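# Architecture at a glance
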There are 2 protein chains.
Amino acid sequence: MLVSCCYEIPIFLSKKKNFKTYIALFNSELFTLTYGALVTQLCKDYENDEEVNKQLDKMGYNIGVRLIEDFLARSSVGRCHDFRETADVIAKVAFKMYLGVTPSVTNWNPAGDEFSLILESNPLVDFVELPDNHSNLVYSSLLCGVLRGALEMVQMAVDVRFAQDTLRGDSVTEIRMKFIKRIEENLPAGDE
Amino acid sequence: MLVSCCYEIPIFLSKKKNFKTYIALFNSELFTLTYGALVTQLCKDYENDEEVNKQLDKMGYNIGVRLIEDFLARSSVGRCHDFRETADVIAKVAFKMYLGVTPSVTNWNPAGDEFSLILESNPLVDFVELPDNHSNLVYSSLLCGVLRGALEMVQMAVDVRFAQDTLRGDSVTEIRMKFIKRIEENLPAGDE
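Residues numbered from 1 in each chain as written. Chains lettered and ligands numbered in written order. Predicted model: local features only at pLDDT ≥ 70, side-chain atom pairs only at ≥ 80, totals over all residues. Heavy atoms only, no water.

### A few points about the sheet that holds strand E1 (residues 104-106) of chain B
All names here are of chain B. With respect to topology, 4 strands assemble into an open sheet ordered E1-E2-E4-E3, the strand pairing being antiparallel. Pairing within the sheet leaves two strands with one partner each, and these edge strands are E1 and strand E3 (156-164). Looking at each pair of strands side by side, their axes are set apart by 25° on average, direction ignored. Two strands pair when backbone bridges link them, and strand E2 (residues 114-119) and strand E4 (residues 173-182) are joined in this way by 6 bridges, in the antiparallel orientation. In the sheet register, Leu117 faces E4, and the bridge partner there is Ile175. (Pairing = 2+ DSSP bridges. Helix = DSSP H or I, 4+ residues; strand = E, 2+ residues; numbered from the N terminus. Axes fitted to C-alpha atoms, helices over the stretch in contact; angles between N-to-C directions.)

What follows is the structure, given as structure tokens:
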């Protein structure tokens, strides 16, 4: 199912589930610079920043629907009982595992279905400065898509967006996440 | 100089040299999948595999000329005395640091200016299968460019290519490196 529900990545993805571990002292600089190359390429390909943001989010979604399997296998995290638990797992386990940082979970709304992840530093934007003609670029949009795609595979529809971004002069990076609905287990996850 | 000699990445790159460390239990899956998204995008953008290979190599070059600074700062590796020492540093320090794997250095030619890096496993190709219509794609070409760009910044012109690739049915991945010449320190490194 993982393979069939994403169209952006799959031509290069095998169905083999041979997750390997390359952890050790793995540094993120090569990833950061490769991500920069991807964003740069999309900026050449698409006319405006909004379209680039959309593409990054879509790519992230397709990555997320695959990454969740790896995450569940590695982390041994079971089903979360509520959105607060989900928030903690995302911040303390997932971000730590894949980006090496642990955002704080904060700014819950009274209904308890919306919170923020605050990143003191965002590995994706090391070395990065937005040029003036890309003022609408949400550079790290891929992360929103990853979160959305991964959570969809565990039956949670969420809305994810950047509320603050150090690249735009904010003091921290803030990712705002809103729970939308529980997805029925029997329905196939939506393609993008 | 690092900034001025690459044109592909720089619009998003700051001149600040605030290398940060996000190591911990950093897993490569997110990087692997993001790299897959980059290759997929290039396959949409360019007409044939050869052009995609070229673009990946060029992007890698521009990444390499930046990554070397981070590498030298982190590794505390000094100037290599000969190509054999360079080979060892690439395999045992650089690959380990950025990809979490340690290739073996082998197949030296008699002149001692050409060797192979043999990777038992290549993190970039986890989950990947080449579709039939991309038989000429050298999927991991970015790595060749990274090596070429990084070495150029330490005054070594090298030729780097994939000699074997598990994606094409070979049992290992072999990167062949050939020393071309020592670059005069006073000349600016060539732009790509």
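### Regarding the pattern of salt bridges
If you walk through the whole model with that rule in mind, you get 16 salt bridges over all chains. Here Asp88 of chain A and Lys92 of chain A are joined by a salt bridge, their closest N and O atoms 3.8 Å apart. Pair noted here: Asp88 of chain A and Lys92 of chain A are both in helix H3 (residues 83-99), with a separation of 4 residues, about one helical turn. Judged by relative accessible area, which is 53%, Lys92 of chain A ranks as exposed. The residue Asp113 of chain B makes a salt bridge to Lys178 of chain B at a minimum N-O spacing of 3.9 Å. Here Lys178 of chain B lies in strand E4 and Asp113 of chain B lies in the loop between E1 and E2, a separation of 65 residues in the sequence. The class of Asp113 of chain B is partly exposed, set by a relative accessible area of 22%. Ionic contacts of the salt-bridge type, sharing partners, join the residues Asp113, Glu114, Arg176 and Lys178 of chain A into one network. (Salt bridge = Lys/Arg side-chain N within 4 Å of Asp/Glu carboxyl O. Buried < 20%, exposed > 50% of the residue type's maximum accessible area, 1.4 Å probe, protein only.)

### Concerning the sheet that holds strand E4 (residues 173-182) of chain A
Residues and elements named next belong to chain A. Within the open sheet, the 4 strands sit side by side as E1-E2-E4-E3. Their pairing is antiparallel. Looking at strand neighbours, the two that pair on one side only are strand E1 (104-106) and strand E3 (156-164), the edges of this open sheet. This sheet shows a mean twist of 25° between the axes of neighbouring strands, independent of strand direction. In the sheet, E3 pairs with E4 via 8 bridges, with the strands oriented antiparallel. Residue pairing for E4: Ala157 is matched across the bridge by Lys181. Docked against the sheet, H3 engages E1, strand E2 (114-119), E3 and E4, running at close to 15° with respect to E2. Contacts from helix H4 (residues 141-152) reach E2, E3 and E4, with the element oriented near 165° to E3. (Contact = heavy atoms within 4.5 Å.)

### Thoughts on the packing of aromatic side chains
All names here are of chain A. The tally for this structure, following the rule as stated, stands at 13 aromatic pairs over all chains. Pairing Tyr35 with Tyr139 gives two aromatic rings, centres 5.4 Å apart and planes at 80°, and the pair type is edge-to-face. Of this pair, Tyr35 sits in helix H1 (residues 29-45) while Tyr139 is found in the loop between E2 and H4, placing the two residues 104 residues apart along the sequence. In this structure Tyr139 comes out as buried when scored by relative accessible area, which is 1%. Through a chain of ring-to-ring contacts, the aromatic side chains of Phe83, Trp108, Phe115 and Phe179 assemble into a single cluster. Just above the ring of Trp108 sits the side chain of Arg84; from NZ or CZ to the centre is 4.3 Å. (Phe/Tyr/Trp six-rings, centres within 6.5 Å; stacked < 30°, edge-to-face > 60°. Lys NZ or Arg CZ within 6 Å of the ring centre and 35° of its normal.)

### Observations regarding the pairing of E2 of chain B
Residue and element names in this part refer to chain B. Counting buried positions along E2 yields 6 of 6 residues, so the element is predominantly enclosed. Here E2 shows two buried faces, one formed by Glu114, Ser116 and Ile118 and the other by Phe115, Leu117 and Leu119. One ladder, built from 3 bridges, connects E1 with E2; its direction is antiparallel. Paired with Ser104 across the bridge in E2 is Ile118.

### A closer look at the packing of helix H2 (residues 49-75) of chain B against helix H3 (residues 83-99) of chain B
Residue and element names in this part refer to chain B. Between H2 and H3, whose axes approach to 11 Å, the crossing angle comes to 100°. As far as their axial angle goes, H3 and H2 are roughly perpendicular. Contact residues: Leu67, Asp70, Phe71, Arg74 and Ser75 in H2; Val89, Val93, Ala94, Met97 and Tyr98 in H3. Across the contact of H2 with H3, the residue classes tally to 7 nonpolar, 1 polar and 2 charged. (Parallel < 35°, antiparallel > 145°, perpendicular 65-115°, else oblique. Nonpolar A, V, L, I, M, F, W, Y, C, P; charged D, E, K, R; others polar.)

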